[in-house]
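Summary of the model geometry
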Amino acid sequence: MTHQFPALSAAQKKDLHETALRIISPGKGILAADESVGLMAKRLAQVGVENTEEHRRQYRQILFSADDRINSCIGGVIFFHETLYQHSDTGVPFVKIIKDRGIMVGVKVDKGVIPLAGTCGETTTQGLDGLSDRCAQYKKDGAVFAKWRCVLKISDTNPSKLAIAENANVLARYSSICQQNGIVPIIEPEILPDGDEDLKRCQYVTEKVLSAVYKAMSDHHVYLEGTLLKPNMVTPGHSCSTKYTPEEVAMATITALRRTVPPAVPGVAFLSGGQSEEEASIHLNALNNCPLVKPWTLTFSYGRALQASALKTWRGHKENENAATEQFIKRAEVNSLACQGKYTGGNDSGEAGQQVYGSSHAY
Ligand code: 13P
């Protein structure tokens with residue numbers, strides 16, 4: 001077997017590692033605000049707002065104009081391409097607003113899922129063509145980390161070996177390209193909880209998927225200290241009749257991670273995957289209090305679970321903007337506590353307790 005030819009200098013590695021650590025510094029997680037134009041159409045339709053570029057800008061401004069309270073809760077924001085080049089009402093680039101608070105700027109670089117022919121409805125994720133050039137440009141434009149989402153489905157026969165291998169490989173190839181351009185890759189192999197699978201089945205599949213991902217990372221010489229993982233929590237499928245406690249979810253999730261994710265990975269930032277805002281916070285808190293040894297920082301990289309109440313409060317009305325921003329700040333603060341295992345609330349039966357689940361969710 002050959003040795004690894006040098007791909008990254010010591011200085012490049014140091015830079016990647018430090019950026020990864022800054023994003024997940026204690027009490028901080030990630031705001032995933034990188035919904036594609038198509039997904040924003042769905043989100044905005046839910047509150048009766050037309051999906052125009054201006055409405056998307058106004059909505060993102062509600063999140064980005066949150067005051068200094070979020071500086072200790074949010075370490076990184078994931079932008080969609082369009083948003084990266086948008087400005088506030090007063091003409092300040094969104095990227096500058098975020099960077100000026102010491103929050104890292106990230107960008108979604110994948111181009112969405114496409115069918116994997118010959119499988120039972122499975123997909124891979126496209127976007128490798130031209131990725132190196134796009135990463136270089138995004139870096140110049142202020143981004144220091146990126147996100148790429150792959151999707152796997154659970155059924156009696158899924159995920160197939162092909163889907164597991166293909167998605168692991170594309171995540172590794174993406175990670176390698178990002179690192180060559182000084183960008184920290186967030187590795188997101190999301191297993192959708194769309195079926196009636198129980199906790200055990202989700203844990204089994206999560207272990208198989210993550211172990212393939214880290215084998216591919218090794219094959220592609222990815223520098224693990226300069227990456228972050230964004231997995232699903234191990235939860236039962238949405239139509240599973242058995243209910244599990246947050247402690248059971250935490251034990252299954254940490255067990256799966258301990259079996260598959262090397263301790264060299266600095267942080268695991270979970271997606272919320274259609275859990276209610278409250279549920280996602282309670283689960284994150286339970287994960288951090290799980291009695292097993294956890295060598296990684298465990299935090300959040302939530303889309304829906306940080307934004308659902310803010311969106312519903314806004315409904316496209318100017319006079320609701322401040323109240324909507326307050327809703328976002330509240331979720332950021334709650335999750336900041338949860339990622340330190342210090343969240344003691346947890347009985348929100350209002351807006352935050354409502355499911356935001358939609359099957360076959362596409363980002
Ligand atoms: P949710 O937290 O809404 O699942 O989204 C996170 C994300 O970035 C999915 O790619």
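First, a word on scope: everything that follows refers to the structure included in this document. (Residues numbered from 1 in each chain as written. Predicted model: local features only at pLDDT ≥ 70, side-chain atom pairs only at ≥ 80, totals over all residues. Heavy atoms only, no water.)

Okay, the pattern of salt bridges next. A side chain with one charge may pair with a side chain of the opposite charge, provided their charged atoms come close. Here the structure, examined in full by the defined rule, presents 18 salt bridges. Between K215 and D219 there is a salt bridge, with its nearest N and O atoms 2.8 Å apart. Of this pair, K215 and D219 both sit in helix 8 (residues 199-219), separated by 4 residues, roughly a single helical turn. Put simply, K318 and E321 hold a salt bridge, and the shortest N to O gap is 3.2 Å. (Salt bridge = Lys/Arg side-chain N within 4 Å of Asp/Glu carboxyl O. Helix = DSSP H or I, 4+ residues; strand = E, 2+ residues; numbered from the N terminus.)

Turning to the site of the ligand, a few remarks are in order. Taken together, 13 residues surround the ligand, and among them K147, K230, S272, G273 and R304 come closest. Within the side chain of S272, one N or O atom sits 2.4 Å away from an oxygen atom of the ligand. Contacts to the ligand include G303, whose backbone N or O atom sits 2.8 Å from an oxygen atom. Within the complex, 100% of the 300 Å² of free accessible area of the ligand lies under protein. (Near = heavy atom within 4 Å. Polar contact = N/O pair within 3.5 Å; in protein donor to acceptor, adjacent residues only side chain to side chain. Areas by Shrake-Rupley, 256 points an atom, 1.4 Å probe, with all protein chains shown as cover.)

Attention shifts here to the pairing of strand 1 (residues 29-33). Judged by how many residues are buried, strand 1 sits mostly within the fold: 5 of 5 residues are covered. Relative to strand 2 (residues 74-79), strand 1 runs parallel, the two being bridged by 5 bridges. The partner of A32 across the bridge, within strand 2, is I78. Sheet analysis places strand 1 next to strand 10 (residues 297-302), joined by 2 bridges and oriented parallel. The partner of I30 across the bridge, within strand 10, is S301. (Buried < 20%, exposed > 50% of the residue type's maximum accessible area, 1.4 Å probe, protein only. Pairing = 2+ DSSP bridges.)

These results come straight from atomic positions and should not be treated as a statement about function.
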